[in-house]
There are 4 protein chains.
Amino acid sequence: MTVKVAINGYGTIGKRVADAVTAQDDMEIVGVVKRRPSFEAFDAVKNGYKFYAAAEEFIEGFRQEGIEPAGTLDDLLDIADIVVDCTPKKAGYKALYEKKGVKAIWQGGEKHDLTGLSFNSFSNYEDAIGADFARVVSCNTTGLCRTLWPLENEWGIENVLGVMIRRGADPWDSKKGPMNAIEPVLKVPSHHGPDVITVMEGLDIQTTAVAVPSTLMHLHSVVVKLKKNVPTQDVLDLWEKTSRVMFVEGKYGVKSTAQIMEIAKDSGRKRSDLFEIAVWKDGVHVVGDTLYYYQAIHQESDVIPENIDCIRAMCNIETDKWASVEKTNKALNLE
Amino acid sequence: MTVKVAINGYGTIGKRVADAVTAQDDMEIVGVVKRRPSFEAFDAVKNGYKFYAAAEEFIEGFRQEGIEPAGTLDDLLDIADIVVDCTPKKAGYKALYEKKGVKAIWQGGEKHDLTGLSFNSFSNYEDAIGADFARVVSCNTTGLCRTLWPLENEWGIENVLGVMIRRGADPWDSKKGPMNAIEPVLKVPSHHGPDVITVMEGLDIQTTAVAVPSTLMHLHSVVVKLKKNVPTQDVLDLWEKTSRVMFVEGKYGVKSTAQIMEIAKDSGRKRSDLFEIAVWKDGVHVVGDTLYYYQAIHQESDVIPENIDCIRAMCNIETDKWASVEKTNKALNLE
Amino acid sequence: MTVKVAINGYGTIGKRVADAVTAQDDMEIVGVVKRRPSFEAFDAVKNGYKFYAAAEEFIEGFRQEGIEPAGTLDDLLDIADIVVDCTPKKAGYKALYEKKGVKAIWQGGEKHDLTGLSFNSFSNYEDAIGADFARVVSCNTTGLCRTLWPLENEWGIENVLGVMIRRGADPWDSKKGPMNAIEPVLKVPSHHGPDVITVMEGLDIQTTAVAVPSTLMHLHSVVVKLKKNVPTQDVLDLWEKTSRVMFVEGKYGVKSTAQIMEIAKDSGRKRSDLFEIAVWKDGVHVVGDTLYYYQAIHQESDVIPENIDCIRAMCNIETDKWASVEKTNKALNLE
Amino acid sequence: MTVKVAINGYGTIGKRVADAVTAQDDMEIVGVVKRRPSFEAFDAVKNGYKFYAAAEEFIEGFRQEGIEPAGTLDDLLDIADIVVDCTPKKAGYKALYEKKGVKAIWQGGEKHDLTGLSFNSFSNYEDAIGADFARVVSCNTTGLCRTLWPLENEWGIENVLGVMIRRGADPWDSKKGPMNAIEPVLKVPSHHGPDVITVMEGLDIQTTAVAVPSTLMHLHSVVVKLKKNVPTQDVLDLWEKTSRVMFVEGKYGVKSTAQIMEIAKDSGRKRSDLFEIAVWKDGVHVVGDTLYYYQAIHQESDVIPENIDCIRAMCNIETDKWASVEKTNKALNLE
């Protein structure tokens, strides 16, 4: 029997989770929810997803565009085991999910307090087993966990400083700036460090962040003081065998996030997504006990595998972390 | 028996033509050629294409990166019926192709004089039947032909003014500007108008062009004086049934080229390509005898179907224009 | 006796009008108005302008930052002859100005209907003499009038097509997009054409517009069908002697709006403003009776001289158009 | 008697040094040198600088554009006491300057080895007194010295980590990318750290760097481990009284480099330059012994005051560091 998954909010993350769920053999999409008949609603219909309106009042809007909803979110929750909430921040559906007795996953835009349980596959899969509510941490936090967790696990981390150079808007967004400016997050340390600690308890990490006029990916410049002196090659070997982390190299022409996205295009994955964190192999350097590296984060897709793992943990399909990771990876054709 | 196609230059256009040829049942890729082991060379190998070095001197470079070429361009030409030349402008291989007796197709970066025969599927398919050398016109010219040819064919065109707002660099390019400027092409009229005339003889068309800091698509603002007064709806109806032209609508949230590219991502095509020309349905307006419209051109992929048709015409696989167009469209899952 | 000018809204346009008024000998600033103590409020104080709060409720906000307003807008209107309203669109102060019996000028963001009188120095200075309310047309419309009016005046214009490639945000703005997209104005023809007609009655002009990711200047690609065949040189000669129009040349390295702004920096004007319209001399071409040209518009400053002229006309300081233009030009060090 | 200064290379830095020298009373410009008649050559002439061609072969080019050079670089060096070399990197004039017995200053694009003496006013003014050759360190290094030197001087620095988010191109540049990408400097630590050490010997500093699609300013995210625990306020107090460092605040709307440049425009300085380093006051935070801050660097102008001080030191006009700094500041209207 497969787990029945509802998607509330069929946008950047929602549509990707829907496709990723569909690629698994132990879960299925029973319906997706949207408010307005934007171009993405037509895409949902084309993809064969059962379409539900967010509420009664939105049904007429869809009908006018020739889309007949199968019902409302309320109806959908009656038949779902779990809902992946991909609505904008603070949309406030938690009480409804509780009332309907449906498990729910939120995304990293929400605060840790909403669920009290934040999730990252490597860091704390076990904590989510059987849970009713969880939050998959943000794309940036997920990216940090992917490379930091193996380091912590293998050698121990003294402390971390991460500077997040954030893309200013998503590729599909033509309304947000900055167009020609660099915008620092003046709250220092930024929220990214504390967010990592929600899934890697006790880690000593500080972060700062700036937004820049690029739409492609976030880039992290990370400095890690390790508890041991290890040669650069050992770090490369560790990440080489780490799942969901891939190397790119300047010497092959991968000079920036632009060429990484070109590699993603060539991969043939739907939407040219890059679920993996891309680390510049020739940008990894250990000086004494201090490791420097750059990684790039595909903000639209890196959390998708984690959403799948989280469903599996919460619905008790799989209690072994690595078994779920491997299953997800195989279904999504992941390194 | 399938036509044997070689690709010289496995970059933006070359890799796409290779995949498109592979999707057909009447032609096949016998080998692809590159100079240097960039990340795209690894992609070619992963895709299973037989890999050839551009010349003897480049073989060692590939070997050092673990790629063993099957030979050189010279060797490849011995077994190919036709070569699609996707090398940078003026690479100068024509004499070699002639010597080897291989047919050849060049791209729009080359001048008309190189072959004396420019090609666009709608406009002059017949001229290419059996030809030895042809040039598929540029992405912008192809885009103009796609929407202008039906107008000319149906009602006749008095004259055209096109203003091309060109993307400043391709998405994978992190070296070219302008970063924060608008750059006009001071040669007025620009080369785009005369280029359309190489395939739509006798058309009265003038064009101007500016480059802007965007990587996604070219956008054309086109004004056509028709020979007849026709209502806006008739133009929409004509393009609705025109192959390789699709509509997008501002009212569904498609406000800019960014959202068009998101639609391409959702389509699931490899590399999120958009072979079709996107016309804003709610941006088409006829005032008297004058038609105004905006169209967006995916500079990396719109000429791919035309390359396939051109191979078919030159190699005498198909003498009927629409039969080839339909065959190509079906294989590439095109509107 | 000098005319007493109030500035309501000390932002992009307001602060520039204030400085330009101060540079004249027949008018003076009696006070400037702002709502909030942003960095521009400190600048107003540093410049020695008397500072008024927009209303009672805003006074405390300024006090907390150490700025003591001289009163409120209401107080300021008691001592002003004319107010230049540079508040955001539809701020709705007209009734107050009427009640206070103060003349008022609005900017191009407002609609023609607000005043029934739109203003451009060249086109219709005379209409504003003694008027109570007027609207100085937008930066784009002003730019079009500067080059079109002399053509109409000298040879007559059959019709005009202007394609406006608009900067997406102002240089100081880090919130607005598009970051990497081209966004067409789907209403065709765009509002720019009709706006020109508010000051150049009877002109046959159509316009389309796109927004692009640049902050520096708008760029117009203009095509004018003249009533006479004239050689390109005659057009150059006409604009050479036209006030507030300057030439730039690609052959001297002025390839884009970026280099024009560098010229403005080198000029030494405050804020590196460019009050003139910049026309690419080597981008002007006449083909038969059709004139093609590109011009660039400094959206933050080109309307400043027109605001000064408009004050002069409305307050009956000067009834001769060219006398006012010359006076303004001299005070602002204009070509 | 005033020191006679020649400027070799009248571009971004050269024209600014020329104007800054002219603003002093103890030095004067005897001539400026250029290779080609670009728009900046006309500016030099308009500013009244004596104009020299880089060599005999370039004279004709200027004459054709109506500029009559006063001679060649060679002639100019005969009458100059010191030359400020603002030519592109590795232009190779050193031997000529030596032969002519003229002192010379290079800019930060050159390597330390060229002169063996790198210069920053705060850090090592004394070392340059009477020197023949010196290099004023780059805009980024100058920016780091401005804020780090007072910290080192007051409390001592344990170590520094600086992440430089670099503007991808200068505002006047429409040829360089990245247009929509983030490009890391893969050499880690980057060259910026070692460059600081050329003027602040013994400092423990590491840096990484990325280039982003903005033209306005560099932004540094800096983390300093101090030798003492000091409250945030003490750091603010220290920088408040530090010359050539200014505060900006997010709470007054200065959210990004865009608004800082607007402040520079409002200041009325020629070219809207910002000679000072801008530190976000509400982005300065001390956690334990670790200080976090963001600063923005106007890459086109922050080294100008240092060039003036360097001339004074090398030509023995002033042996007291702070006396020169104060003199320069006063002449340039600097905080």
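Position numbers for residues start from 1 in each chain and track the written sequence from start to end. All chains are assigned letters beginning with A, and all ligands numbers beginning with 1, in the order in which they are written. Confidence filtering applies because this is a predicted model: local features only for residues at pLDDT of at least 70, side-chain atom pairs given and counted only at 80 or more, and all residues used for totals across whole chains, interfaces and linings. By convention in this description, side-chain values take in all heavy atoms of the structure and omit both hydrogens and water.

Novice: I tried to follow the relation of the copies chain B and chain D on my own but got confused; where do I start?
Specialist: Both copies of the chain are related by one operation, a rotation about an axis with a shift along it. Least-squares fitting of one copy onto the other uses the C-alpha atoms of those residues that reach a pLDDT of at least 70 in both copies. Each copy of the sequence occupies a distinct position, and chain B is placed on chain D by a rotation of 180 degrees and an axial shift of 0.1 Å, giving an RMSD of 0.0 Å. With respect to symmetry, the two chain copies, as superposed, fit the operation of a two-fold axis. Residues are treated as being in contact if the distance between any of their heavy atoms lies within 4.5 Å. A shared binding surface is used by both copies, with 100% of the interface residues of chain B retained as interface residues in chain D.

Novice: How should I be thinking about the domain arrangement of chain A in this particular structure?
Specialist: Reports often express the size of an interface as the amount of accessible area lost when the parts come together. Residue and element names in this part refer to chain A. Start and end points for every domain follow an automatic or database-based domain assignment. By domain assignment, chain A separates into domain 1 (3-137 + 303-332) and domain 2 (139-297). Just the C-alpha atoms count here: the centres of domain 1 and domain 2 sit 26 Å apart. Domain 1 puts 28 residues into the contact, and the matching count from domain 2 is 20 residues. The term buried area denotes the loss of accessible surface (1.4 Å probe radius) that occurs when two parts are joined, taken as the sum for both partners. Summed over both partners, the interface of domain 1 with domain 2 buries about 1,900 Å², with 52% contributed by carbon and sulfur atoms. Of all the secondary-structure elements, those providing two or more residues to the side of domain 1 that touches domain 2 are α1 (12-22), β6 (118-119), α6 (121-124), α11 (304-314) and α12 (321-332). For helices the rule is a DSSP run of H or I covering at least 4 residues; for strands it is a run of E covering at least 2, with both sets numbered from the N terminus onward. Sorting elements by how many residues they give to the side of domain 1 that touches domain 2 places α12 first, with six residues. The class makeup of the residues in the side of domain 1 that touches domain 2 is ten nonpolar, ten polar and eight charged. The nonpolar class holds Ala, Val, Leu, Ile, Met, Phe, Trp, Tyr, Cys and Pro. Asp, Glu, Lys and Arg form the charged class, and all remaining residues, Gly among them, are polar.

Novice: Help me understand the sheet that holds strand β7 (residues 133-136) of chain D in this model?
Specialist: Each strand in a sheet pairs with its neighbour through backbone hydrogen bonds, running either in the same direction (parallel) or in the opposite one (antiparallel). All names here are of chain D. The pairing criterion for strands is at least two bridges between them, as found by DSSP. Pairing is parallel in the open sheet, where seven strands are placed in the order β3-β2-β1-β4-β5-β7-β6. Of all the strands in the sheet, just β3 (51-53) and β6 (118-119) have a single pairing partner and so form its edges. Of the pairings in the sheet, the one linking strand β4 (residues 82-85) to strand β5 (residues 103-106) comprises three bridges and is parallel in character. Paired with I82 across the bridge in β5 is K103.

Novice: Looking at this structure, I do not really get the side chain of T257(C). What am I missing?
Specialist: When you line up the elements, T257(C) lands in helix α10 (residues 257-267). Among the polar contacts made by the side chain of T257(C), one reaches the main-chain amide nitrogen of I182(B) at a distance of 2.9 Å. Among all residues touching T257(C), those that are not within four sequence positions of it are A181(B), I182(B), L216(C), M217(C), L219(C), W280(C) and A296(C). Any pair of N or O atoms that falls within 3.5 Å is considered a polar contact. Within protein, one atom must be able to donate a hydrogen and the other to accept it, and sequence-neighbouring residues count only if both atoms are side-chain atoms.

Novice: Any chance you could explain the relation of the copies chain D and chain A here in plain terms?
Specialist: Superposition record for chain D on chain A: RMSD 0.0 Å, screw rotation 180 degrees, translation along axis 0.0 Å. A symmetric contact is evident, with 100% of the interface residues of chain D recurring at the interface of chain A.

Novice: How do you make sense of helix α2 (residues 39-46) of chain D when you look at a structure like this?
Specialist: Helical geometry note: an α-helix holds 3.6 residues per turn, so side chains three or four residues apart project in the same direction. A simple rule labels every residue: compare its accessible area, found with a 1.4 Å probe on the protein chains alone, to the largest value its type can have, and call it buried under 20%, exposed over 50%, or partly exposed in between. Buried within α2(D) are the following residues: F39(D), E40(D), A41(D), D43(D) and A44(D). Buried-residue contacts for α2(D) involve α10 of chain C together with α1 (12-22), β2 (27-34), β3 and α3 (56-64) of chain D. Immediately beyond the C-terminal end of α2(D), within one or two residues, lies G48(D), with a positive phi of roughly 85 degrees.

Novice: Help me understand the confidence of the model for chain A, please; the structure alone is not making it clear to me.
Specialist: Of all residues in chain A, 100% have pLDDT values of 70 or greater, and the mean over the chain is 96. Scoring of the predicted complex yields 0.96 for pTM and 0.95 for ipTM. pLDDT expresses, on a scale from 0 to 100, how confident the predictor is about each individual residue.

Novice: Sorry if this is basic, but what is going on with the nonpolar core here?
Specialist: Residues and elements named next belong to chain C. We call a set of buried residues a nonpolar core when its members are Ala, Val, Leu, Ile, Met, Phe, Trp, Tyr or Cys and they connect through side-chain atoms within 4.5 Å of each other. Formed by 95 residues in total, the largest nonpolar core has its most connected members in V5, L148, L151, V224, W239, L291 and I311. For this core, the two domains that each supply at least three residues are domain 1 (3-137 + 303-332) and domain 2 (139-297). With sequence-adjacent residues up to four places away left out, L148 is seen in contact with I157, V160, M200, L203, I205, V224 and Y293.

Novice: Looking at this model, I keep getting lost on the interface of chain B and chain D. Mind explaining?
Specialist: Listed by partner, the interface residues are 15 residues for chain B and 15 residues for chain D. Between chain B and chain D, the buried area comes to about 1,100 Å², and carbon and sulfur atoms account for 55% of it. Three residues, S174(B), M179(B) and E183(B), lead the burial of chain B against chain D; their summed loss comes to 51% of the area buried on that side. Salt bridge, as used here, is a side-chain nitrogen of Lys or Arg placed within 4 Å of a carboxyl oxygen of Asp or Glu. Across the chain B-chain D interface, the total number found is two salt bridges. Applying the counting criterion to the chain B and chain D interface returns six residue pairs in polar contact (both at pLDDT 80 or more). Tallied by class, the residues present in the side of chain B that touches chain D amount to six nonpolar, six polar and three charged.

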